[in-house]
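Here is how the chains run, residue by residue.
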Amino acid sequence: MTDVDELRRRTRELLAAHPPAETERLDFLRARFDAGLAWVHVPEGLGGLGLPRSLQAVVDTELETAGAPDNDPRRIGIGLGMAAPTILQYGTDEQKARFLKPLWTGEEVWCQLFSEPGAGSDLAALGTRAVREGDDWVVNGQKVWTSSAHLARWAILIARTDPDVPKHRGITYFVCDMTDPGVEVRPLRQITGEAEFNEVFLTDVRIPDSRRLGEVGDGWRVAQTTLNNERVAIGGMRLPREGGMIGPVAETWRERPELRTHDLHQRLLKLWVEAEVARLTGERLRQQLVAGQPGPEGAGMKLAFARLNQEISGLEVELRGGEGLLYDDWTMRRPELVDFTGRDAGYRYLRSKGNSIEGGTSEVLLNIVAERVLGLPAEPRTDKDVAWKDLAR
């Protein structure tokens, strides 16, 4: 029996034992995880079967046809796309057993405590401190631009544990309980009117050493796994043709011929082709993931994602003329996810401005592509061998 046949058999057994129409959504998701059909490439016992990643489509197709619920991946994208791959690579058996199932089912939402007011593009310069006290680490500092912090139970956190060594070597990676004393989440209201992001203050937060991922001082290497997966999650998401930002513009063009001009037509054609090239490149990148972990190629996809979103949303505002300057609602919200296509053109235009900052600034990603993909000489870095405590701040 082939792996495909076996997967179909297991999936149909799951559906027979837990009919979607008669089973509570969370119960079905838990049963799917226990059957190894959550993410088939993961080892057995952790929601998978140790099979090639490409075979996930077999399970997904069977379940979609049967009307089975999914785990709302957009709402829990940080857990699925960033925390899970890092825990799978660096977590202990106990950590994997504790965190992965409720992460995948969406019972526990995750956020990412990386960026700081003084350490955004230069993330390795972070100053949040973690000091060892017995079996705990006491953490003090501030994080910023934290999506889903107002919803999250857990956070992936990097903090400085040794200020006497160069900045990349004195960082350690932790899992932080967002409900612990000393964790304060404040909304950051954006140009869109929403507070999709947050700032997080950590005051004498105690994290057990058992919630450390990787070795002490090796947090930068662990964080690279998170960051590489983050760029793929942002820039390499699966889309149908005319999915994403190009869809509303193309729809408006077809339905509103009175808005058309020759110049707008030429620009739309160019961006439509570029969006399709980016979509197909993302598909190729996902196929490469079957063979292993994502590499720096994800940085290129994230770059294209940010540039295209900003250019397409700008074109849409121009195409709509005076209508494009309207805005539907400035109400202060703390949303669960970003809905680019569910709001109006003004929202898309304003929100896309953040695409070149979030998930790694475009300037930093250009360096990554230049050095790690194209093999160009690295930029001079005078602070590379200087102890963090001696850096100018």
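Up top is the structure.
Anyway, here's the lowdown on the structure attached to this text. Since this is a predicted model, take the numbers as computed values, not measurements.

For the rest of this paragraph, the subject is the packing of aromatic side chains. What the rule picks out here adds up to eight aromatic pairs. Between phenylalanine 33 and tryptophan 104, the ring centres sit 6.3 Å apart and the planes meet at 45 degrees, which makes this aromatic pair tilted. Taken together, the residues span a long stretch of sequence, with phenylalanine 33 in helix α2 (residues 25–34) and tryptophan 104 in helix α5 (residues 93–105) at a distance of 71 residues. Tryptophan 104 sits in the buried class, given a relative accessible area of 4%. Members of the aromatic cluster, each reached through a chain of ring pairs, are Phe99, Trp110 and Trp154.

For the structure on display, the rule yields 44 salt bridges. The partner of arginine 9 in a salt bridge is glutamate 13, and the shortest N-O contact between them spans 2.5 Å. Here glutamate 13 and arginine 9 lie together in helix α1 (residues 3–17), a separation of four residues that amounts to about one turn. A salt bridge links arginine 186 to glutamate 184, with the shortest nitrogen-to-oxygen separation between them at 2.9 Å.

The nonpolar side chains of a soluble globular protein tend to be buried, and buried together. In this structure, Trp39, Trp110 and Met178 are the most contacted members of the largest nonpolar core, which totals 55 residues. Ignoring any residue separated from it by four or fewer positions in sequence, one finds tryptophan 39 in contact with Phe33, Leu46, Gly47, Gly48, Gln56, Leu80, Ala84, Leu100, Leu103 and Trp104. By size, the runner-up hydrophobic cluster in this structure holds 19 residues, among which are Met245, Ile246, Trp253 and Ile312.

Mapped onto the elements of the fold, serine 362 is located in helix α11 (residues 362–373). Not counting residues up to four positions away in its chain, the partners in contact with serine 362 are Leu303, Ala306 and Ser356.

Here the focus is α1. Between its first and last C-alpha, α1 extends 21 Å over 15 residues, near the 21 Å set by a 1.5 Å rise per residue. When we look at burial in α1, the residues that qualify are Leu7, Thr11, Leu14 and Leu15. Projected down its long axis, α1 shows its buried positions confined to an angular sector of 95 degrees, all on one face. Along α1, the residues that are exposed and aim more than 90 degrees away from the buried face are Ala16 and Ala17. For α1, the secondary structure elements touched by its buried residues are α2 and α3 (56–65).

Reading the values: rules and limits
Residues numbered from 1 in each chain as written. Predicted model: local features only at pLDDT ≥ 70, side-chain atom pairs only at ≥ 80, totals over all residues. Heavy atoms only, no water. Phe/Tyr/Trp six-rings, centres within 6.5 Å; stacked < 30°, edge-to-face > 60°. Helix = DSSP H or I, 4+ residues; strand = E, 2+ residues; numbered from the N terminus. Buried < 20%, exposed > 50% of the residue type's maximum accessible area, 1.4 Å probe, protein only. Salt bridge = Lys/Arg side-chain N within 4 Å of Asp/Glu carboxyl O. Core = buried A, V, L, I, M, F, W, Y, C linked by side-chain atoms within 4.5 Å. Contact = heavy atoms within 4.5 Å. Expected span 1.5 Å × (residues − 1). Arc of directions from axis to C-beta.

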